[in-house]
Amino acid sequence: MESIVIQGGVPLQGSVESSGAKNAALPLLAAAILADGPVTFHRIPHLNDISTMTNLLAWQGADVIYDDKDCLTIDTREANKPEAPYEMVKTMRASSLVLGPLLVRFGEARVSLPGGCAIGARPIDLHLKALEVMGAEISVEHGDVIAKAPNGLHGGRIFFDQVTVTGTENILMAAVLAKGETVLENAAREPEVVNLADSLRALGAKIEGDGTDTIRIQGVERISGGDIFTIADRIETATYLAAGLITGGDVTVTKTDPKLLDAFLARVKEAGATVEVGDDFIRCAAPERLQAVNIHTMPHPGFPTDLQAQFMAMMCVAEGTSLVSETIFENRFMHVQELVRMGADIQLDGHTAVIKGVKKLSAAPVMATDLRASASLVLAGVAAEGETVVSRVYHIDRGYERIEEKMRSLGANIERHYI
Ligand code: UD1
């Protein structure tokens with residue numbers, strides 16, 4: 001068992017580089033299934049979720065070649081198994097991103113239906129309904145989604161009842177090779193969706209409107225291989241900025257994009273931080289004491305649910321009472337009881353957490369429950385005086401590249417223990 005051990009209480013200072021975004025890289029890798037040639041991916045982070053996706057593509061018969069540090073090439077022309085088995089989907093729900101691309105390319109796909117996860121039920125019914133509109137026949141057998149479209153997929157008008165990020169990406173990819181025009185309404189506007197659309201366009205796809213809630217795709221016969229580039233990880237960027245702020249420090253994240261983090265930066269300014277941005281860096285310096293600020297999570301450009309836990313950790317030591325409302329996932333408060341173990345004063349009232357700021361958190365052994373919850377515990381740990389041990393760190397490794405090394409470069413006293 002691995003754990004992360006932190007001696008907290010030191011203000012973090014300095015500068016750290018952002019990695020490529022996990023949530024952008026996953027759909028980009030799945031898009032390789034559509035390409036009629038090798039695709040070279042740049043700025044791919046080294047994360048367990050990324051290996052899950054590349055292993056899945058290799059299992060399907062693709063050639064996966066690691067070129068150098070954060071660059072890899074995938075050629076799916078020889079792939080011949082349009083499937084994603086349970087073993088792979090159960091460890092990472094985003095494996096279901098291969099469904100749309102496999103179905104449009106092979107005319108059939110068998111993808112295990114993801115189960116629930118720590119933060120909620122997270123069904124993929126909206127992905128399936130959209131594929132039905134595009135002519136797929138779908139059934140669920142033995143836990144697998146079986147999708148068939150022997151005559152190929154066709155375009156159509158798809159209205160998502162709820163904004164879904166991977167749903168938008170899945171259907172966008174299917175529509176690229178479907179016959180005719182597909183219009184996605186109430187589409188996700190997340191930067192990762194725009195990164196996917198930009199990349200597919202570079203390979204020859206015809207897409208307009210990404211970044212708005214209506215995306216239009218004209219199906220094309222084929223898309224080629226080529227080079228594609230992952231955007232900076234906005235969630236990782238904000239996590240390191242929050243680490244600086246929660247410890248009363250001053251942290252700069254480089255190789256990032258301030259435009260991706262408007263909602264977060266607005267809230268931290270409100271909390272009293274000094275924020276400085278350049279084209280590709282963000283610096284946040286802590287005030288004497290952070291002030292309480294309310295947030296509620298929303299689809300982009302609102303406050304991201306993937307930063308809710310980290311923001312809450314900061315609010316635990318802010319002056320005053322803040323309300324943190326989670327509107328995207330029904331059960332994304334697993335970090336609350338762990339933060340309470342570290343001395344935080346938090347009451348849960350349905351989808352809202354009421355946080356009364358305390359002067360200091362106190363170190364404690366805590367348990368990571370999901371990816372972003374884990375990050376909030378690391379933040380609480382670097383702020384708290386004494387030794388915090390975060391166990392079940394495999395959650396963190398799904399989404400934070402070299403987290404101890406990056407935290408150490410900012411002055412944190414943090415190491416991994418193997419027991
Ligand atoms: C993606 C992100 C995840 C982030 C989330 C919300 C990736 C790999 N993951 O997850 O980090 O927290 O967006 O920003 O990009 N829903 C349905 N039916 C569906 C699809 C979704 O009811 O078919 C619901 C979900 O249960 C949830 C909400 O819609 O309540 C939003 O989920 P969605 O945007 O789909 O999240 P993911 O794409 O899985």
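Residues numbered from 1 in each chain as written. Predicted model: local features only at pLDDT ≥ 70, side-chain atom pairs only at ≥ 80, totals over all residues. Heavy atoms only, no water.

(A) Seen up close, the pattern of salt bridges. Under the definition given, this model contains 24 salt bridges. Asp-250 is the salt-bridge partner of Arg-283, the closest N and O atoms lying 2.7 Å from each other. A residue pair is termed long-range when its members are at least 10 positions apart, and Arg-283 in strand β17 (residues 281–285) and Asp-250 in strand β15 (residues 250–254) qualify at 33 residues. Relative accessible area serves as the criterion here: at 28%, Arg-283 is assigned to the partly exposed category. A salt bridge links Glu-385 to Lys-360; the nearest nitrogen and oxygen atoms lie 3.6 Å apart. On the criterion of sequence distance, the pair formed by Glu-385 in the loop between α12 (371–383) and β23 (386–391) and Lys-360 in the loop between β21 (352–356) and β22 (365–367) is long-range, its members being 25 residues apart. Judged by relative accessible area, Glu-385 falls into the partly exposed class, the value being 47%. The class of Lys-360 is exposed, set by a relative accessible area of 54%. Shared partners join several salt bridges into a network, and the residues in it are Glu-2, Asp-397, Glu-404 and Arg-416. (Salt bridge = Lys/Arg side-chain N within 4 Å of Asp/Glu carboxyl O. Helix = DSSP H or I, 4+ residues; strand = E, 2+ residues; numbered from the N terminus. Buried < 20%, exposed > 50% of the residue type's maximum accessible area, 1.4 Å probe, protein only.)

(B) Representation of the sheet that holds strand β1 (residues 2–8). Pairing in this open sheet of four strands is mixed, and the strands run β22-β23-β1-β24 from one edge to the other. Looking at which strands have only one partner, the edges of the open sheet turn out to be β22 and β24 (413–418). Averaged over all pairs of adjacent strands, the angle between their axes in this sheet comes to 25 degrees, without regard to strand direction. Strand direction decides the pairing type here: β1 and β23, joined by six bridges, are antiparallel. Paired with Gln-7 across the strands is Glu-387, a residue of β23. Where α12 meets the sheet, its contacts fall on β1, β22, β23 and β24, and the angle it forms with β1 comes to roughly 35 degrees. (Pairing = 2+ DSSP bridges. Axes fitted to C-alpha atoms, helices over the stretch in contact; angles between N-to-C directions. Contact = heavy atoms within 4.5 Å.)

(C) Broad picture of the pairing of β1. Among the seven residues of β1, five are classified as buried, and the element is accordingly described as predominantly covered. In this structure, β1 lies alongside β24, joined through six bridges in antiparallel fashion. For Glu-2, the partnering residue across the bridge sits in β24 and is Tyr-418.

(D) Representation of the side chain of Asp-397. Within the secondary structure, Asp-397 sits in helix α13 (residues 394–397). We classify Asp-397 as buried; its relative accessible area is 15%.

(E) Representation of the domain arrangement of the chain in the model. Taken domain by domain, the chain comprises domain 1 (2–19 + 232–418) and domain 2 (22–229). Averaged C-alpha coordinates put domain 1 and domain 2 at centres separated by 30 Å. Between domain 1 and domain 2, the residue contacts involve 25 residues of the former and 19 residues of the latter. Roughly 1900 Å² is buried in total at the junction of domain 1 and domain 2, and carbon and sulfur atoms are behind 50% of that figure. Three residues stand out in domain 1 for area buried against domain 2, namely His-300, Arg-398 and Glu-401, and they jointly supply 31% of the buried area on that side. Applying the counting criterion to the domain 1 and domain 2 interface returns eight residue pairs in polar contact (both at pLDDT 80 or more). Class assignment of the residues belonging to the side of domain 1 that touches domain 2 gives a composition of eight nonpolar, six polar and 11 charged. (Domains from an automatic or database assignment. Buried area = accessible area lost by both parts, 1.4 Å probe. Polar contact = N/O pair within 3.5 Å; in protein donor to acceptor, adjacent residues only side chain to side chain. Nonpolar A, V, L, I, M, F, W, Y, C, P; charged D, E, K, R; others polar.)

(F) Representation of the state of the cysteines in the model. Tallying each qualifying case throughout the model produces zero disulfides. Left unpaired, Cys-316 is separated from the closest cysteine sulfur, that of Cys-284, by 18 Å. (Disulfide = S-S within 2.5 Å.)

(G) Seen up close, the nonpolar core. One finds Phe-41, Met-53, Leu-153, Leu-172, Val-176 and Leu-200 to be the most contacted residues of the largest nonpolar core, which totals 70 residues. If sequence neighbours within four positions are ignored, Leu-153 has contacts with Leu-103, Val-104, Leu-131, Met-134, Gly-135, Ala-136, Ala-174, Ala-178 and Lys-179. Within the second largest apolar cluster, 69 residues are counted, among which are Phe-311, Ala-344, Val-366 and Ile-414. (Core = buried A, V, L, I, M, F, W, Y, C linked by side-chain atoms within 4.5 Å.)

(H) The sheet that holds strand β4 (residues 63–68), seen in detail. Pairing is mixed across the open sheet formed by four strands, whose spatial order is β4-β5-β3-β14. Every interior strand has two partners, whereas the edge strands, β4 and β14 (226–229), have only one. Pairs of neighbouring strands in the sheet enclose a mean axial angle of 20 degrees, with direction left out of account. Pairing analysis gives five bridges linking β4 to strand β5 (residues 71–75), with the strands arranged antiparallel. Directly across from Ile-65, in β5, lies its bridge partner Thr-73.

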